[in-house]
Amino acid sequence: MIDPTVRIHETAIVEDGATVGAGSGVWHHAHVRSGATVGAGCVLGKNVYIDVDVVVGDRCKIQNNVSVYHGVTIGDDVFVGPAATFTNDLVPRAFNADWVITPTHVGSGASIGANATVVCGNTVGDYAMVAAGATVTKDVAPHQLVAGTPARHLGWVCRCGQVV
């Protein structure tokens, strides 16, 4: 059941069995799959895809053209920039009978920059910041700032996102 305060654009698809929290907005051509949970006060931008069993916390902003695949959990107050990518398979093949989803966790307050890639099996810690275009290939500690391909430590950020 969708809360009456949720705004769903006429071109968006929210499947039966999906949960979208109060006050959230689902914009143009977004798709929320059955079994997905999107928290209260979230914004899902144009062309956002939320896969089966994904959990998105409260007050998250997931910008245009982001796909959040099965196995990803996103905490509260997370920002995901345009065209960021989450993988969910360490051995991708078109057809694989032994396919195993490798979970990924994004901690509360974290920021993932535009066009960043988070390789599955990693954790982005609370209030961490992943710079635009970075490729996360190992865990990012809470409050850590990383950039580059592969992502490397550049410094630390406070809860408000400023470099300390």
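Just so it is clear, the structure is predicted and the values come from calculations on it, not from any experiment.

### A closer look at the overall build of the protein
Thought 1: Helices and strands together make up the secondary structure of the protein, namely 0 helices and 22 strands.
Thought 2: When its C-alpha atoms are laid out on the principal axes, the protein stretches across 45 × 40 × 20 Å.
Thought 3: For the protein, with 164 residues in total, the buried portion stands at 41%.
Thought 4: Here the contacts in the protein between residues at least 6 apart in sequence split such that 14% fall between residues at least 24 apart.
Thought 5: As presented, the protein carries roughly 8000 Å² of accessible surface, and 56% of it is formed by carbon and sulfur atoms.
Thought 6: The averaged location of the 13 negative side-chain charges in the protein is 11 Å from the averaged location of its 9 positive side-chain charges.

### Here's the deal with the side chain of His31
Thought 1: In this fold, His31 is placed in strand E5 (residues 31-32).
Thought 2: A distance of 2.8 Å separates the side chain of His31 from the side chain of Glu15, its partner in a polar contact.
Thought 3: With near-sequence residues (within four places) excluded, His31 lies in contact with Ile13, Glu15, Val48, Tyr49 and Ile50.

### Considerations on the pattern of salt bridges
Where charged atoms of side chains with opposite charge meet at close range, the side chains can pair.
Thought 1: In total, this model carries 3 salt bridges according to the counting rule given.
Thought 2: Linking Asp51 and Arg33 is a salt bridge whose minimum nitrogen-to-oxygen distance equals 3.3 Å. Taken together, the residues Asp51 in the loop between strand E8 (49-50) and strand E9 (55-56) and Arg33 in the loop between E5 and strand E6 (37-38) connect sequence positions 18 residues apart.
Thought 3: Taking relative accessible area as the criterion, Asp51 reaches 10% and is therefore assigned buried.
Thought 4: Across the pair Asp77 and Arg59 runs a salt bridge whose closest N-O atoms are separated by 2.7 Å.

### Observations concerning the sheet that holds E6
Thought 1: Read from one edge to the other, the open sheet built from 6 strands follows the order E3-E6-E9-E12-E15-E18, with strand pairing classed as parallel. Each of the sheet's edge strands pairs with one partner strand only, and the pair in question is strand E3 (19-20) and strand E18 (123-124).
Thought 2: Sheet analysis places E6 next to E9, joined by 2 bridges and oriented parallel. Considered in E9, the bridge of Thr37 is made with Val55.

### Section: the sheet that holds strand E22 (residues 152-156)
Thought 1: Taken in spatial order, the 9 strands of this open sheet run E1-E4-E7-E10-E13-E16-E19-E21-E22, and their pairing is mixed. One side of each edge strand has no neighbouring strand; the edge strands of this open sheet are strand E1 (7-8) and E22.
Thought 2: Bridge analysis of strand E21 (residues 144-147) against E22 gives 4 bridges, and the strand direction is antiparallel. Along E22, the bridge assignment pairs Gln144 with Trp156.

### As for unusual backbone geometry
Thought 1: Residues Thr149 and Pro150 are joined by a peptide bond in cis, for which omega reads -5°.
Thought 2: Mapped onto the secondary structure, Pro150 falls in the loop between E21 and E22.
Thought 3: Positive phi, normally seen in glycine, also occurs at Arg59, with a value near 60°.
Thought 4: The residue Arg59 is located in the loop between E9 and strand E10 (61-62) in this model.
Thought 5: The exposure class of Arg59 is partly exposed, given its relative accessible area of 46%.
Thought 6: For Ala83, which is not a glycine, the phi torsion comes out positive at approximately 65°.
Thought 7: If you trace the backbone, Ala83 turns up in the loop between strand E13 (79-80) and strand E14 (85-86).

### Things to note about the environment of His153
Thought 1: Note on placement: His153 falls in strand E22.
Thought 2: On a C-alpha basis, the gap between His153 and Val130 in space is 9.7 Å, while along the polypeptide they are 23 residues apart.
Thought 3: Leaving out residues up to four positions away in the same chain, His153 has contacts with Gln144, Leu145 and Val146.
Thought 4: At a separation of 2.8 Å, a polar atom in the side chain of His153 contacts the side chain of Gln144.

What counts, and where the lines are drawn
- Residues numbered from 1 in each chain as written.
- Predicted model: local features only at pLDDT ≥ 70, side-chain atom pairs only at ≥ 80, totals over all residues.
- Heavy atoms only, no water.
- Helix = DSSP H or I, 4+ residues; strand = E, 2+ residues; numbered from the N terminus.
- Buried < 20%, exposed > 50% of the residue type's maximum accessible area, 1.4 Å probe, protein only.
- Contact = heavy atoms within 4.5 Å.
- Areas by Shrake-Rupley, 256 points an atom, 1.4 Å probe, with all protein chains shown as cover.
- Lys, Arg positive; Asp, Glu negative; His and termini not counted.
- Charge placed at Lys NZ, Arg CZ, Asp CG, Glu CD.
- Polar contact = N/O pair within 3.5 Å; in protein donor to acceptor, adjacent residues only side chain to side chain.
- Salt bridge = Lys/Arg side-chain N within 4 Å of Asp/Glu carboxyl O.
- Pairing = 2+ DSSP bridges.

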